[in-house]
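Residue-level structure breakdown
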Amino acid sequence: MCLMCLLGDVSETSRRRTTTIRNPIKCCLLNYSRRRKQQHIRCFHHHHSPHQVSFKSITMFSSSFLRLVLLLCLVSSSFSTASPSNTTAADQTLRPQEELQKLKLIRQELQKINKPAVKTIQSSDGDTIDCVLSHQQPAFDHPLLQGQRPMDPPELPKGYIKDEKSYEDSQLWSLSGEFCPEGTIPVRRTTEQDMLRASSVRRFGRKIRRVRRDSTNNGHEHAVGYVSGRQYYGAKASINVWSPRVASQHEFSLSQIWVIAGSFTHDLNTIEAGWQISPELYGDTYPRFFTYWTSDAYRSTGCYNLLCSGFVQTNRRIAIGAAISPRSSYRGGQFDISLLIWKDPKHGHWWLQFGSGTLVGYWPAFLFTHLKQHGSMVQFGGEIVNTRPGGSHTSTQMGSGHFAGEGFGKASYFRNLQVVDWDNTLLPVSNLKILADHPNCYDIRGGTNRVWGNYFYYGGPGKNPRCP
């Protein structure tokens, strides 16, 4: 409809009169507002109008401005699918200048995030993976990294044992057999649609600030095992991968490792890695490998994956933010990923390893305040967002969507929980404490055995008769 408007006039028919609109931009904007009100607009070719708008005159628009107009039409089309019952009077108010400004801001952000690609790979799940030169990745936009290249791999912690059951190629995009060439890293391309789903362009790729880790946590609920009271220089665990149901675009479900220092109120430092399902961030319900960091309690620093300058990726076979495959199934095959985070004793950077010996990259020490030295707490477990749709608890699932008591093959697990000490040595966790914010919604049960070491089952369905 909007493309036709660019080539002609539009006739708006109401009960009393017909108005001819010859401005192509106004046509698109009216299409947007009338769709919201479920009214009809008919665009027709210019030869029906006494005042013709030729194609030649339209091509005089700059290409960048045309892209904004067409993208605005795309926005209007996406809004038109919303049901009338969910549409408010405020939603129906058209603010073209605000929309154009938002689209301009989106384009500026995409230019920062999406770097020139040496090679592009299409994934079966719809992702586009760009192979970006290592020294041109987003991390090197940081003033303290400009002109540098990625660091050489550090020494692994003492006591590290390779997990032979861990899968190397466990992402959908790599199943085609294509990989990025030497000297590049795979980066999941961010699209306009990704950013339009976000509640705020400025907050895209960032977690909502949380004040405390308890039941008043702005809708964030947890079932975690944790250790504290010592100095921690890293953590390791194998994390069971599932596809829990997420009930709303604005909710997520994740399972991860946290390395934490500072206070939860204002100067929290965290390093995080695991898998998550986030329809708002990724546009689908695949479990995806992710990273996160912050140095000020999620206020203004840090982001997911490579969506800001920070994490430096060194691996060309793992795409952060890409879908994980295979996944576990209820009473069926079980699949987990092994993650190791540790502080390089020589340079102080925090490194991340995925699978059985695959280094992904590192968080530079200068990103942090407290974590420049060490962590004061390590957490393992699950987290969901509960927006309380309809005034009741969300039905977003954590882990497998089943309670811990169901055990192996049914409930999700963490196994082989370890921490790294001051001497760069991996040790089994001791004095593991467990916490579930709302045990009637999501719970956790720990244990120890010879094969799994320290482990726990966790998760749940969310809304149920005991969790109204």
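Look above for the structure.
Residues numbered from 1 in each chain as written. Predicted model: local features only at pLDDT ≥ 70, side-chain atom pairs only at ≥ 80, totals over all residues. Heavy atoms only, no water.

1. Observations concerning the packing of aromatic side chains
For the record, the criterion: Here is the rule: rings of Phe, Tyr and Trp (six-membered ring for Trp) pair when centre to centre is within 6.5 Å. Planes less than 30 degrees apart are stacked, more than 60 are edge-to-face, and the remainder are tilted. A helix here means a DSSP run of H or I that spans at least four residues, while a strand means a run of E at least two residues long, and both kinds are numbered starting from the N terminus. Type-normalised accessible area, obtained with a 1.4 Å probe on protein chains alone, sets the label of each residue: buried when under 20%, exposed when over 50%, and partly exposed for intermediate values. Comment: the charge-over-ring label is applied if NZ (Lys) or CZ (Arg) is within 6 Å of the ring centre and within 35 degrees of the ring normal.
Inspection of the entire model under this criterion finds 19 aromatic pairs. Seen from their ring centres, F414 and Y458 are 5.4 Å apart, and the 65° between their planes marks the pair as edge-to-face. Separated by 44 residues along the polypeptide, F414 in strand β17 (residues 412–420) and Y458 in strand β21 (residues 453–459) bring together distant segments of the chain. Relative accessible area serves as the criterion here: at 0%, Y458 is assigned to the buried category. One aromatic cluster in this structure is built from F408, Y413, W452, Y455 and Y457. Between the NZ or CZ atom of K207 and the centre of the ring of Y292, over which it lies, the distance is 5.3 Å.

2. Focus on the pattern of salt bridges
So the rule is basically this: Here, a salt bridge means any side-chain nitrogen of Lys or Arg that lies within 4 Å of a carboxyl oxygen of Asp or Glu.
One pass over the full model with this rule turns up 15 salt bridges. We note a salt bridge from D141 to K115, for which the minimum N-O separation is 2.8 Å. With D141 in the loop between β5 (128–133) and β6 (184–188) and K115 in the loop between α6 (96–113) and β4 (119–122), this residue pair connects regions lying 26 residues apart in the sequence. Residue classification places K115 among the buried positions, given a relative accessible area of 16%. The salt bridge partner of E272 is K207, with a shortest N-O separation of 2.6 Å. One end of the pair, E272, is in strand β10 (residues 269–277); the other, K207, is in the loop between α7 (192–197) and β7 (220–232), and 65 residues separate them in sequence. Taken individually, E272 and K207 each receive the classification buried, so the pair is uniform in this respect. Several salt bridges converge on common partners, so that one network encompasses D125, D127, R188, D194, R197, D284 and R288.

3. With respect to the side chain of D284
We apply this condition: Pairing of N or O atoms within 3.5 Å defines a polar contact, subject to two protein rules: one partner must be a possible hydrogen donor and the other a possible acceptor, and residues neighboring in sequence count only if both atoms are side-chain atoms. Here a residue-residue contact requires only that any non-hydrogen atoms of the pair lie within 4.5 Å.
Residue placement: D284 occurs in the loop between α8 (279–282) and β11 (288–294). Take D284: its relative accessible area is 15%, and that puts it in the buried class. Within the structure, the side chain of D284 is placed 3.3 Å from the backbone nitrogen of Y286, a separation counted as a polar contact. Reaching out from D284, the side chain makes a polar contact with the side chain of R288 at a distance of 2.5 Å. Ignoring sequence-local partners within four residues, the contact set of D284 consists of I277, S278 and P279.

In short, the description is geometric, and any link to function would need to be established separately.
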